[in-house]
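Structural features, examined
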Amino acid sequence: MARGVCQAVARWRLVLELRTHLGHDEAVRRLELLRVALVPKGWRCVGLYEKREFRFPVPLLWVYARGAADDVGAVVTVRAVPGEAWAYFEAGNGRAGFVSPCGDVEAAAKALDLILRDRMFPRRDW
């Protein structure tokens, strides 16, 4: 029984990864929407979208602070999730780096804003 479950999970993971890699244009569109929502909150964003130039299989959005705290930041990507949906993730953490579903860009920007503010000021309640 457990082996069948593991095989099913492995198949779903493979399908999601395939959707992620084939959905490059969709991911870029969603990252651009996130970028537009983050700039008014004071974050700088750099889109790293070209596969050939950056040699990374998925598009990335580098989000970082302005000014003295420019070493605080996150690299965000978009991945396929079950249910034909998409979600924002921190790139270095794989699927464990879930930030927010892509359906509500403002909520995703707020969630990422809180993550980054916590990195800048770890002892404050946001």
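Procedures and definitions
Residues numbered from 1 in each chain as written. Predicted model: local features only at pLDDT ≥ 70, side-chain atom pairs only at ≥ 80, totals over all residues. Heavy atoms only, no water. Helix = DSSP H or I, 4+ residues; strand = E, 2+ residues; numbered from the N terminus. Expected span 1.5 Å × (residues − 1). Buried < 20%, exposed > 50% of the residue type's maximum accessible area, 1.4 Å probe, protein only. Pairing = 2+ DSSP bridges. Phe/Tyr/Trp six-rings, centres within 6.5 Å; stacked < 30°, edge-to-face > 60°. Lys NZ or Arg CZ within 6 Å of the ring centre and 35° of its normal. Polar contact = N/O pair within 3.5 Å; in protein donor to acceptor, adjacent residues only side chain to side chain.

Taking 1.5 Å per residue as the helical rise, helix α2 (residues 24-38) with its 15 residues ought to reach 21 Å, and the 21 Å between its terminal C-alpha atoms agrees with that figure. Where α2 is concerned, the buried positions are H24, A27, V28, R30, L31, L34, A37 and L38.

The next point concerns the pairing of strand β3 (residues 73-81). Most of β3 is tucked away, with seven of its nine residues classed as buried. Direction of pairing for strand β2 (residues 60-65) relative to β3: antiparallel, over a ladder of four bridges. The residue bridging V63 from the neighbouring strand is A74, located in β3. Strand direction decides the pairing type here: β3 and strand β4 (residues 85-90), joined by six bridges, are antiparallel. By the bridge assignment for β4, V76 is matched with E90. Here β3 folds back onto β4 in antiparallel fashion, the turn holding three residues, of which G83 has a positive phi close to 85°.

A few words now on the packing of aromatic side chains. Applying the stated criterion across every chain, the model contains two aromatic pairs. The interplanar angle of 75° and the centroid separation of 5.6 Å between the aromatic rings of F89 and F98 together place this pair among those described as edge-to-face. Positioned over the ring face of W86 is R19, at 5.3 Å from the centre of the ring. The ring of F89 is capped by R95, whose NZ or CZ atom sits 5.7 Å from the centre of that ring.

By the secondary structure assignment, R79 is in strand β3. For R79, a relative accessible area of 15% corresponds to the buried category. There is a polar contact of 3.0 Å between the side chain of R79 and the side chain of E17.

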